[in-house]
Amino acid sequence: LSGSASETTGVFVPKQEDYQKVYDDIAALLQEKDDYDDGSYGPVLVRLAWHASGTYDKETGTGGSNGATMRFAPEGDHGANAGLVAARDFLAPVKAKFPWITYSDLWILAGICAIQEMQGPTIPYRPGRMDKDIAACTPDGRLPDASQGNKHLRGIFYRMGFNDQEIVALSGAHALGRCHTDRSGFDGPWTFSPTVVTNEYYKLLLNEKWNWKKWNGPKQYEDKSTKTLMMLPTDMALVSDKAFKQWVDKYAKDEGLFFKDFAAVITKLFELGVPFDETTQQTPIILKPTA
Ligand code: ZEM
């Protein structure tokens, strides 16, 4: 059953089928616009959903995906968000076609769609986010800085409420996409299959020999054998820190375990600070992938 106008307010009340329509529209656009980067907008959509969510601060309850405040200049212009305008522009026609969905719900739905369409695990979806105004923009510096190490990673992710295992599971998202010199300054992809969700990131971290790249850009690693892959200083911290490395070992060995833990931790990330309505939206929606 499709949604209908509320009898009391006249506002459109969407049903599961309406969210599936939004999903199908994004999936079709992903198929259609295949001349971007490595052939997909999928990775940058995942990054948009992550940066919308990763501003959360558990002490103050500020930030998180409930608000979509990256629409506004102060937050959209934060260095960490460079390039994400490509993802927001990609979703503009979807928002125009389904004006009832909030930007906050749309960005997270798009992240889930991208993960599933790139052959990743099923991610349960709960709508209910409300867009906030410019006053709710978060201060710069809440997202991780790739030039740093294990202490910084713990500082950033503990603030959101994650533990060491969850930090490593979330980092597996770097199987996807690439760094762009005109965005972060770093360059290149982490894996040979940057548009497919796999546990390759962990395997490469452990099995490749990583050297400092000799160039004028920011300090990053390159693989010894092909010099075409990269790791950030924060990625290498996951193997130099013993508590992190035990999880890298586990996820490199067992893709099924990685998929299960990644689905759980991404769900938690995407729901940080979202006050779901107790009465209406307790049951998550499973959105059906196209393939
Ligand atoms: Zn990323 N990430 N990230 N990340 N990330 C980049 C790209 C992507 C860090 C980071 O500094 C960078 C998580 C965690 C962390 C993705 C998803 C997730 C880039 C390259 C940088 C520099 C940006 C560019 O130049 O375009 C750091 C320090 C992290 C701390 C652990 C988490 C968690 C993610 C999701 C769950 C994705 C998908 C990309 C690829 C984007 C693209 O455009 O291809």
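Worth saying up front: this structure is predicted, and the values here are computed from it rather than measured.

### Let's talk about the confidence of the model for the protein chain
Where the model shows low pLDDT, its predicted coordinates should not be examined in detail. Looking at the protein chain as a whole, the pLDDT averages 96, with 98% of positions reaching at least 70. Mean pLDDT across the secondary structure elements of the protein chain bottoms out at strand β1 (residues 4-5), with 80, and peaks at helix α7 (residues 164-171), with 99.

### Describing the coordination of the zinc atom of the ligand
Protein coordination of the zinc atom of the ligand is limited to a single donor, H174 (NE2), positioned at 2.2 Å. Assignment of secondary structure puts H174 in the loop between α7 and β3 (178-179).

### Describing the side chain of D223
Along the chain, the position of D223 falls in strand β6 (residues 221-223). Buried charged residue D223 carries no salt bridge. Nearest counter-charge: K227, at 8.0 Å. A polar contact of 3.1 Å, which involves the side chain of D223, links it to the backbone nitrogen of T228. Each residue touching D223, except ones within four places of it in the same chain, is listed here: E208, K209, W210, T228 and L229.

### Some remarks on the site of the ligand
Not every one of the 24 residues close to the ligand is listed here, only the nearest: H174, G177, R178, H180 and S184. The separation between a nitrogen atom of the ligand and a polar side-chain atom of H174 is 3.0 Å. A distance of 2.6 Å separates an oxygen atom of the ligand from a polar atom in the side chain of S184. When contributions to the shell around the ligand are tallied by element, the ones reaching two or more residues are α2 (42-53), α6 (150-160), α7 and β3. Among the residues making up the shell around the ligand, the classes are represented as 15 nonpolar, six polar and three charged. The two domains that each donate at least three residues to the shell around the ligand are domain 1 (4-142) and domain 2 (150-264).

### Comments concerning the environment of W100
For W100, the position within the fold is in the loop between α4 (85-97) and α5 (103-117). Owing to a relative accessible area of 24%, W100 belongs among the partly exposed residues under this scheme. Between the C-alpha atoms of W100 and F12, which are 88 residues apart in sequence, the distance is 6.7 Å. Leaving out residues up to four positions away in the same chain, W100 has contacts with F12, P14, D18, Y19 and V22.

### Brief notes about the pattern of salt bridges
Side-chain pairs of opposite charge can arise where the charged atoms are in close proximity. Considering all chains together, one arrives at 11 salt bridges under this definition. Between K97 and D25 there is a salt bridge, with its nearest N and O atoms 2.6 Å apart. One end of the pair, K97, is in helix α4; the other, D25, is in helix α1 (residues 16-32), with 72 residues separating them in the sequence. Note on K97: relative accessible area 53%, which makes it exposed. D164 is paired through a salt bridge with R154; the nearest N and O atoms lie 3.0 Å apart. With D164 in helix α7 and R154 in helix α6, the pair connects residues that are 10 residues apart, well separated along the chain.

Cut-off values and rules
- By convention here, each chain's residues receive numbers from 1 onward along its written sequence.
- Given that the model is predicted, a residue must reach a pLDDT of at least 70 before its local features are reported, and side-chain atom pairs must reach 80 or more before they are shown or counted; all residues, however, enter totals for whole chains, interfaces and linings.
- The side-chain numbers reported here are obtained from all heavy atoms of the structure, hydrogens and water having been left aside.
- pLDDT expresses, on a scale from 0 to 100, how confident the predictor is about each individual residue.
- Secondary structure follows DSSP: runs of H or I at least 4 residues long count as helices, runs of E at least 2 residues long count as strands, and numbering of each begins at the N terminus.
- For Na, K and Ca the donor cut-off is 3.2 Å, and for all other metals it is 2.8 Å, counting N, O and S atoms only; because water is absent from this set, sites may look incomplete.
- Relative accessibility decides the category of a residue: with a 1.4 Å probe and only protein chains considered, values under 20% of the type maximum give buried, values over 50% give exposed, and everything between is partly exposed.
- Two residue types count as positive, namely Lys and Arg, and two as negative, namely Asp and Glu; His and chain ends fall outside the count.
- Counted as salt bridges are all cases of a side-chain nitrogen of Lys or Arg within 4 Å of a carboxyl oxygen of Asp or Glu.
- Any pair of N or O atoms that falls within 3.5 Å is considered a polar contact. Within protein, one atom must be able to donate a hydrogen and the other to accept it, and sequence-neighbouring residues count only if both atoms are side-chain atoms.
- The contact rule is simple, with two residues in contact once any of their heavy atoms fall within 4.5 Å.
- A molecule or strand has a residue near it when one of that residue's heavy atoms lies within 4 Å.
- Side-chain classes follow a simple rule in which Ala, Val, Leu, Ile, Met, Phe, Trp, Tyr, Cys and Pro form the nonpolar group, Asp, Glu, Lys and Arg form the charged group, and the remainder, Gly included, forms the polar group.
- The split of the chain into domains comes from an automatic or database domain assignment.

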